[in-house]
Amino acid sequence: MKELALNEPGRTILAMGNDAVVRGGLEAGLGYFSTYPGTPASEIGEGYVSLKEEFPHIHAEFSVNEHVAAHGAQGASWAGVRSMTAMKHVGMNVAAEVLHFAAYTGVNAGFVVVIGSDPGATSSTSEQDDRWYSLHTHLPLLEPADIQEAKDFTKLAFGLSERYDLPVVLNAPSKLCHNIGSLSLGPLPAEFPSAGRFEKDPSRYINLFAGSVANHRRAMENAARLAAGAPSHGLNRVIPGTGPLGFISSSVNFLYLMEALAILGITDAPVMKLGMTYPLNTGEIAAFAKGLERIIIVEDLEGFLEFQIKSALYGAGVTVPIEGKSIFPPFGELDVDLIVRLLAERLKKPLPKAMSRSIELAAKHTADIPPRQGSFCIGCPHRATLYSVVKATGRNAVFAGDIGCYTLSCLPPFSAFDWVTCMNCGVGIGQGIRQVMKEGDMIAYVGDSTFFHSGVPGLINAIQQGASMVLMVLDNKWVAMTGHQPSPTTETDVDGRKLNPVDIKGLLKSIGIKYVRTVDPFNIKAATAAIKEALRQKEGVRVIIAEAECALQYGRRLRYEKPGYEVYYQIEPGICQKCDECYVHFGCPAIRRGEKGGAHYYYIEEASCLNCGACRDLCPNSAISRVEIKRGGKKEKAS
């Protein structure tokens, strides 16, 4: 990561796509960065935070949600400091209100919005196509294809933002965000921004009545100016060809397309690569289409380019047939193999023998590959919490799921999750169901980060409407699922630095919740009893805070805060009744099954175990022992 701070123009380093975005901001003289972490864009925030020492002028923060992050970056831009906000694609839904106004007010310094998209939903609950937002917001949209373009387009985006008085969106799919390749560094600025200054301008910043209409018109005029100047920016280019069939593509799909054409032996086709996919220059598109008999558009998801290009060419009087989504699916993720197969089918070309053979072998052997189910990490407090929930309810309840590591609760052995859609779908949907479902129990989940992201308004509504439910706040102190960024409840960073945690219990009481209990999830018996007691209360919202730090982050902090003793757990074979409670129902991966003399037994794999102790607490036969060893090797006590 520190290589990103080098001021050695022309030097080539290995970098991830997200790293390239970070470097582009540094070369552009960024002064403000904000994000709510979300895969595949999380590493952008990690990058800026890790470079605080080298670039102390940059304010870099993990905001409580994308709406807040976008507003903060907009404010810094108004104050004359180049700013960036980053989020995953579904985060755009949260930031959309801010960004729908962003073109109206314009910028005072460059303002760039980075979206990590996720075709194929490899790390998301949806694969929405954020490109369509530009048709509503009038925000220009850049789509880099490779590592170098991720850096270069980011840097260029700041200049375009200032030149055309518009925030600029950089859209990068997960395959680019997390790909690694060569990155040639450019120069860093000789001077970095000093403190900003806000200049009042009511005609721009106060959007009311006729002023809002005037700003809407100005935003559209700015987008039209950018479209007219598109050919001069070098973002779009054409690979010439003499054939009658042309192709248009963008982002990483351009690279996939070029490889696919080579595999199929199509060497004469002209290809247009669009780096700026909104707004499009009609003349540029029409010039490419001139003389072609057919155009095929290769893009992920829902035909954003196809929609615009058909409209543009129709308006220009060009009648060349255009295909896109009639060939490629509007869902899932494209790759070279899929593009080759679908193009070969449409163009009636035979697949290369090697590819036909690989498809045949894949179909034959895929079923033999053992499935791998998602699971909580070893030592995760959520595993213990969900075990207690299942024991307390017997699964005889409605389980209001939400977004976070605990979403894995929908899988065996717990199967205690009835829905998951978006952030705060647990309390948000659950309190609505509760108003019409008069009988039965409801357990809702929310993590500490999701709680502060968007959980508080829904919870307040549930309180006001008298919804009856038990809310489990799973406070593991980190935004763990997206890379262990600090959450508002983080007390100590992994380097030992003390932070300013928010008191969830105090906040809950301040908004009117009278029943609040805090439990240690690893104390299974106490946690189970607390859940049963909360369910018995029946009236209103009752909250149980399951508070224990993420096991991975706790382990990392031990490098700075070494305890005075070590703890080990082991299963005593002479006492174990093989009841399967720890191995099957709790499902800890550190508990293993062995075979000896034709019989099976269970043991704890010492190298994997993180010594949370939950297994010992839940064992009905007292077959798991705990040993404490004082550092230095002297045995202190056993129990």
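Reading guide: rules and limits
Residues numbered from 1 in each chain as written. Predicted model: local features only at pLDDT ≥ 70, side-chain atom pairs only at ≥ 80, totals over all residues. Heavy atoms only, no water. Helix = DSSP H or I, 4+ residues; strand = E, 2+ residues; numbered from the N terminus. Rg over C-alpha atoms; globule rule 2.2 N^0.38 Å. Buried < 20%, exposed > 50% of the residue type's maximum accessible area, 1.4 Å probe, protein only. Contact = heavy atoms within 4.5 Å. Domains from an automatic or database assignment. Buried area = accessible area lost by both parts, 1.4 Å probe. Expected span 1.5 Å × (residues − 1). Polar contact = N/O pair within 3.5 Å; in protein donor to acceptor, adjacent residues only side chain to side chain. Pairing = 2+ DSSP bridges. Axes fitted to C-alpha atoms, helices over the stretch in contact; angles between N-to-C directions. Right-handed = clockwise from strand over helix to strand, strands pointing away. Core = buried A, V, L, I, M, F, W, Y, C linked by side-chain atoms within 4.5 Å. Phe/Tyr/Trp six-rings, centres within 6.5 Å; stacked < 30°, edge-to-face > 60°. Lys NZ or Arg CZ within 6 Å of the ring centre and 35° of its normal.

Caption draft 1: Seen up close, the overall build of the chain. Scanning the chain from N- to C-terminus turns up 22 helices and 26 strands. The C-alpha radius of gyration of the chain comes to 28 Å, within 12% of the 26 Å expected for a compact globule of 639 residues. Across its three principal axes, the chain shows a C-alpha extent of roughly 85 × 65 × 60 Å. Each of the 639 residues in the chain was classed as buried or not, and the buried ones make up 53%. In the chain, once contacts between residues fewer than 6 apart in sequence are set aside, the share between residues at least 24 apart is 77%.

Caption draft 2: Spatial organisation of the domain arrangement of the chain. Split into domains, the chain comes out as domain 1 (3-190 + 201-229), domain 2 (233-364), domain 3 (381-555) and domain 4 (564-637). Spacing between the C-alpha centres of domain 1 and domain 3 amounts to 33 Å. In this assembly, 12 residues from domain 1 lie in contact with 15 residues from domain 3. Overall, the association of domain 1 and domain 3 removes approximately 900 Å² of surface from exposure, summing both partners, and the carbon and sulfur fraction of that is 56%.

Caption draft 3: Here's a closer look at helix 9 (residues 209-229). Look at helix 9: 31 Å from first C-alpha to last across 21 residues, which is about the 30 Å you get at 1.5 Å a residue. Of all the positions in helix 9, only Ser212, Asn215, Arg218, Ala219, Asn222, Ala223, Leu226, Ala227 and Gly229 are classed as buried. Buried residues in helix 9 make contact with helix 4 (91-105), helix 6 (147-164), helix 8 (202-205) and strand 12 (276-278).

Caption draft 4: Examining the side chain of Asp129 more closely. With respect to the element layout, Asp129 can be found in the loop between strand 5 (111-117) and helix 5 (133-137). Separated by 2.9 Å, the side chains of Asp129 and Arg131 make a polar contact. There is a polar contact of 3.3 Å between the side chain of Asp129 and the backbone nitrogen of Glu302. Sequence-distant contacts of Asp129, defined by excluding residues within four places in its chain, comprise Asp300, Leu301, Glu302 and Phe304.

Caption draft 5: Representation of the sheet that holds strand 10 (residues 245-250) in the model. Spatially, 9-11-10-13-14 is the arrangement adopted by the five strands of the open sheet, whose pairing is mixed. The open sheet has two edge strands, strand 9 (237-239) and strand 14 (322-323), and neither has a second partner. Note: strand 10 against strand 11 (residues 271-274), four bridges, orientation parallel. Following the sheet pairing, Ile248 is matched in strand 11 by Met272. Along the sheet, helix 13 (residues 336-347) makes contact with strand 10, strand 13 (294-298) and strand 14, crossing strand 13 at roughly 160 degrees.

Caption draft 6: Representation of the pairing of strand 3 (residues 59-62) in the model. Note that strand 2 (residues 32-35) and strand 3 share four bridges and pair parallel. Bridge pairing links Phe33 to Ala60 in strand 3. Regarding topology, helix 2 (residues 42-50) serves as the crossover connection from strand 2 to the parallel strand 3, and that connection is right-handed.

Caption draft 7: Representation of the nonpolar core. By size, the foremost hydrophobic cluster in this structure holds 111 residues, and its most contacted members are Ile44, Tyr48, Phe247, Ile295 and Ile309. In terms of domain composition, this core takes at least three residues from each of domain 1 (3-190 + 201-229) and domain 2 (233-364). The next biggest cluster of nonpolar side chains, apart from the first, holds 74 residues, and it includes Cys425, Val427, Phe452 and Cys588.

Caption draft 8: Expanded view of the packing of aromatic side chains. With the rule as written, the count across this model stands at 15 aromatic pairs. Seen from their ring centres, Phe55 and Phe192 are 5.7 Å apart, and the 85 degrees between their planes marks the pair as edge-to-face. Placement of Phe55 in the loop between helix 2 and strand 3 and of Phe192 in the loop between strand 8 (180-184) and helix 8 is noted, with a sequence separation of 137 residues between them. Relative accessible area serves as the criterion here: at 4%, Phe55 is assigned to the buried category. For Phe192, a relative accessible area of 34% corresponds to the partly exposed category. Aromatic pair Tyr601 and Tyr603: ring centres 5.9 Å apart, planes at 40 degrees, arrangement tilted. Under the relative-accessibility criterion, Tyr603 is labelled partly exposed at 33%. Through successive ring pairs, a cluster of aromatic residues spans Trp78, Phe198 and Tyr205. In this arrangement the basic side chain of Lys273 is found over the ring face of Phe254, its NZ or CZ atom lying 5.9 Å from the centre. Its guanidinium or amino end placed over the ring of Phe586, Arg383 lies 5.8 Å from that ring's centre, counting from NZ or CZ.

Caption draft 9: Fine view of unusual backbone geometry. In the segment running from Tyr278 into Pro279, the intervening peptide bond is cis, with an omega of -5 degrees. Along the chain, Pro279 turns up in the loop between strand 12 and helix 11 (282-289). Following Pro412, the chain continues to Pro413 via a peptide bond in cis, the omega torsion being 10 degrees. By secondary structure assignment, the location of Pro413 is in the loop between strand 15 (398-400) and helix 16 (425-436). Positive phi values are uncommon outside glycine, yet Asp165 reaches one of about 60 degrees.

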